[in-house]
Amino acid sequence: MPAIVLVGAQWGDEGKGKATDLLGSAVEYVVKFNGGNNAGHTVVIDGETYALHLLPSGILTPGVTPVIGNGVVIDLAVLFEEIDALEARGIDTSPLVISANAHVIASYHRVLDKVTERFLGKRKIGTTGRGIGPTYADKMNRLGVRVQDLFDEKILRQKVEGALELKNQILAKIYNRRAISVDEVSEELLRYADRVRPMVRDTSLLLAKALDDDQTVLLEAGQATLLDVDHGTYPFVTSSSATAGGACTGSGIPPTRVDRVVAILKAYTTRVGEGPFPTELHDDAGDFLREAGGEFGTTTGRPRRCGWLDAVIARYAVRINGVTDLVMTKLDVLTGLESIPVCVAYDVGGVRHDEMPMSQSDFHHATPVFEELPGWSEDISGCRRFEDLPKNAQGYVRAVEEMSGAPFSVIGVGPGREQTIVIRDLV
Ligand code: IMP
């Protein structure tokens, strides 16, 4: 039975939470396979808004087992804050399962994230400051602390000591910060050991058995294609693998078991943090998208940078992820525009690029080549079938489909769970 991968096609905040939620009732497992509490999903159910950062959005669907996979980095304080907040609102979080191999974010990771950004000055990445990059760096440096280490105090202390040895030198001598003690960190982490223990499993084995038993597994990416550490706009990316390939390494499910790859594409583009963004708008049109689309960060509250849809990026995301189904979100936000520009290629120093330029410098200097598509003024938030959409809204979807090279299966026409047009079922 199927493993389905769900990824963002742009720079994040495409509205994946809604798609996961839509799939939620048809799947048995929802797996978060990368990132940490740098993510932000807003899910609206029956008029109630839930903002999730670390927990997979499948946690809101009864009958689903939410899984935090080995590729995730976990801030345990945030984990339990989110669990407690959901429990207080009547959501049963007891089915949550966590990989023993997931890495843990400690206080020194958060401190290093912030001081490094400050130190970088003009070259800063604009991180969420949640310690994500330093935790993944430790993982790759083989200096990380994993969830399983919480259950052996001696080992935990050894690992924390190993991690702090060099970091304390850096904190004290370069950043002029106080050194962090092994005791302090061990206590910070051990505080959660008993509470987390019953949730911890060999999640790759669990998922393999689930697939053997004909159950459906949804692998949900945090962040998005252009924030992927390999395939994104490096170095202005997150530190994990947010594309479909990452779903396998971050969960232990092999590529041969993945049947479908669904990518979420917002009807326009947004980005938070620094880095190139060819279709970015600095005028009233950008303010219009930000206000109409409510484009303020779920995690940080930062206003998002806004711009028109970029079909070069959409096509790239379809190729890198092997997308079988596209989901367009927030089509309703474009209502009321007379015509809608879509970027179909880039101009780099007089040379036309129909695909993502190979070099970072070219991408930094790319100016969009726009094609204007006719807009619509009718309220589309009540449409439930594709044929209900105004002709020009249908035309917009079809044009973007043609440009990106994968079919749209779902169109979002409002924030509510029911404000969705399903052209082809995702499961
Ligand atoms: P980090 O993931 O906190 O290291 O931040 C690296 C970059 O990824 C920054 O530009 C962040 O703004 C961006 N980023 C991280 N998580 C998200 C997300 O969920 N949505 C959009 N951008 C994100």
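No experiment lies behind these values; they were computed from the predicted model shown.

Participant: Teacher, can you tell me more about the overall build of the protein chain here?
Facilitator: Helix and strand counts for the protein chain stand at 13 helices and 20 strands. Its C-alpha atoms give the protein chain a radius of gyration of 22 Å, within 12% of the compact-globule value 22 Å for 427 residues. Counting only C-alpha atoms and orienting by the principal axes, one finds that the protein chain spans roughly 65 × 50 × 40 Å. Out of the 427 residues belonging to the protein chain, those deemed buried represent 57%. Summarising the internal contacts of the protein chain: among those between residues at least 6 apart in sequence, 75% fall at separations of at least 24. Carbon and sulfur atoms make up 50% of the accessible area of the protein chain, which amounts to about 17,500 Å² in all. Side-chain charges of the protein chain comprise 44 positive and 58 negative groups, with the mean position of each set lying 6 Å from the other.

Participant: How do you make sense of the nonpolar core when you look at a structure like this?
Facilitator: Looking at soluble globular proteins, one finds that nonpolar side chains tend to be buried together. If you look at the biggest cluster of nonpolar residues, it comprises 62 residues, and the most contacted ones within it are V217, L219, M328, L331, L334, L389 and Y396. The greatest single-element share of this core, amounting to 6 residues, is contributed by helix 13 (residues 391-404). Formed by 44 residues, the second largest nonpolar core is a distinct cluster that contains L52, I74, Y108 and L171.

Participant: Please clarify how empty space enclosed by the protein should be interpreted in this entry.
Facilitator: Picture a little ball the size of a water molecule; that probe, rolled over the atoms, points out where space is still empty. Inspection of every chain in the model, using the stated rule, returns 1 cavity of 30 Å³ or more. Roughly 40 Å³ of volume is contained in the largest cavity. Around the largest cavity, the lining residues are K18, A19, L22, V327, T329, V410, I411, G412 and T420. Elements supplying a minimum of two residues to the lining of the largest cavity: helix 1 (16-24), strand 15 (325-329) and strand 19 (408-412). Along the lines of polarity and charge, the residues of the lining of the largest cavity split into 5 nonpolar, 3 polar and 1 charged.

Participant: Is there a simple way to think about the site of the ligand in this case?
Facilitator: Near the ligand lie 16 residues; those nearest to it are D13, N38, T128, T238 and R302. In this structure, an oxygen atom belonging to the ligand sits 2.6 Å away from a side-chain N or O atom of T238. With the chains in place, 97% of the 470 Å² that the ligand exposes on its own is no longer accessible. Residues belonging to the shell around the ligand are distributed by class as follows: 6 nonpolar, 8 polar and 2 charged.

Participant: How should I be thinking about the packing of helix 3 (residues 107-120) against helix 4 (residues 132-140) in this particular structure?
Facilitator: For any two helices packed against each other, one specifies the inter-axial angle together with the distance between the axes. Across the interface, helix 3 lies against helix 4 with an axial gap of 7 Å and an inter-helix angle of 120 degrees. The two elements helix 3 and helix 4 cross, and the hand of that crossing is right-handed. Contacts from Y108, H109, L112 and D113 in helix 3 reach I132, P134, T135 and D138 in helix 4. Residue classes in the contact of helix 3 with helix 4 are distributed as 4 nonpolar, 2 polar and 2 charged.

Participant: Explanation requested: the domain arrangement of the protein chain in the structure shown.
Facilitator: As a measure of interface size, the accessible area lost when the parts come together is often cited. What the domain assignment lists for the protein chain is domain 1 (3-99 + 199-262) and domain 2 (103-194). If you look at the interface, domain 1 gives 23 residues, while domain 2 gives 18 residues. Buried surface at the junction of domain 1 and domain 2, summed over both partners, amounts to about 1,600 Å²; 66% is from carbon and sulfur atoms. Applying the counting criterion to the domain 1 and domain 2 interface returns 1 salt bridge. Across the salt bridge formed by R110 and D75, the nearest N and O atoms sit 2.7 Å from each other. Between domain 1 and domain 2 we count 6 residue pairs in polar contact (both at pLDDT 80 or more) in total. Mapped by element, the contributors of at least two residues to the side of domain 1 that touches domain 2 are strand 6 (73-74), helix 2 (76-88) and strand 7 (97-99).

Participant: Quick question: what am I supposed to make of the state of the cysteines here?
Facilitator: Two cysteines joined by a covalent bond between their sulfur atoms form a disulfide. If you walk through the whole model with that rule in mind, you get 0 disulfides. Unpaired in this structure, C306 has its nearest cysteine sulfur neighbour in C343, at a distance of 16 Å. Taking the relative accessible area as the measure of exposure, C306 reaches 0% and is therefore buried. Judged by its relative accessible area of 0%, C343 falls in the buried class.

Participant: Just checking my understanding: could you explain the sheet that holds strand 7 for this structure?
Facilitator: As a general point, the strands of a sheet are linked pairwise by backbone hydrogen bonds and lie either parallel or antiparallel. Strand order in the open sheet formed by 10 strands is 9-7-5-2-10-1-11-15-19-20, with mixed pairing between adjacent strands. Whereas interior strands pair on both sides, the edge strands pair on one side only; in this sheet they are strand 9 (200-201) and strand 20 (420-422). Looking at chain direction, strand 2 (residues 29-32) and strand 5 (residues 65-68) are connected through 4 bridges and run parallel. Bridged to Y29 within strand 5 is T65. Docked against the sheet, helix 1 engages strand 1 (3-8), strand 2, strand 10 (217-220), strand 11 (258-266), strand 19 and strand 20, running at close to 160 degrees with respect to strand 1.

Participant: Quick question: what am I supposed to make of the pairing of strand 19 here?
Facilitator: On a regular strand, each side chain points to the face opposite its neighbour's, so the side chains alternate between the two faces of the sheet. With respect to burial, strand 19 is a largely interior element, 5 of its 5 residues being buried. Pairing geometry for strand 15 and strand 19, over 3 bridges, is parallel. Note that in strand 19 the partner of L326 across the bridge is F408.

Participant: Where do I start with unusual backbone geometry in this structure?
Facilitator: If a residue is not glycine, its phi is most likely negative; likewise, a peptide bond is most likely trans. Look at the link from Y234 to P235: it is a cis peptide, with omega at 5 degrees. Its place among the elements puts P235 in the loop between strand 10 and helix 9 (244-249). Positive phi, normally seen in glycine, also occurs at D13, with a value near 60 degrees. Positionally, D13 belongs in the loop between strand 1 and helix 1. The exposure class assigned to D13 is partly exposed, which follows from its relative accessible area of 23%. Located in the positive-phi region is K330, a residue other than glycine, with phi close to 60 degrees.

Criteria and cut-off values
Residues numbered from 1 in each chain as written. Predicted model: local features only at pLDDT ≥ 70, side-chain atom pairs only at ≥ 80, totals over all residues. Heavy atoms only, no water. Helix = DSSP H or I, 4+ residues; strand = E, 2+ residues; numbered from the N terminus. Rg over C-alpha atoms; globule rule 2.2 N^0.38 Å. Buried < 20%, exposed > 50% of the residue type's maximum accessible area, 1.4 Å probe, protein only. Contact = heavy atoms within 4.5 Å. Areas by Shrake-Rupley, 256 points an atom, 1.4 Å probe, with all protein chains shown as cover. Lys, Arg positive; Asp, Glu negative; His and termini not counted. Charge placed at Lys NZ, Arg CZ, Asp CG, Glu CD. Core = buried A, V, L, I, M, F, W, Y, C linked by side-chain atoms within 4.5 Å. 1 Å grid on protein atoms, 1.4 Å probe; cavity = no way out; pocket = protein on both sides within 12 Å on 5 of 7 lines; lining within 4 Å. Points joined across faces, edges and corners; volume = space filled by probe spheres on them. Nonpolar A, V, L, I, M, F, W, Y, C, P; charged D, E, K, R; others polar. Near = heavy atom within 4 Å. Polar contact = N/O pair within 3.5 Å; in protein donor to acceptor, adjacent residues only side chain to side chain. Axes fitted to C-alpha atoms, helices over the stretch in contact; angles between N-to-C directions. Left-handed = near helix turned anticlockwise from the far one by under 90°. Domains from an automatic or database assignment. Buried area = accessible area lost by both parts, 1.4 Å probe. Salt bridge = Lys/Arg side-chain N within 4 Å of Asp/Glu carboxyl O. Disulfide = S-S within 2.5 Å. Pairing = 2+ DSSP bridges.

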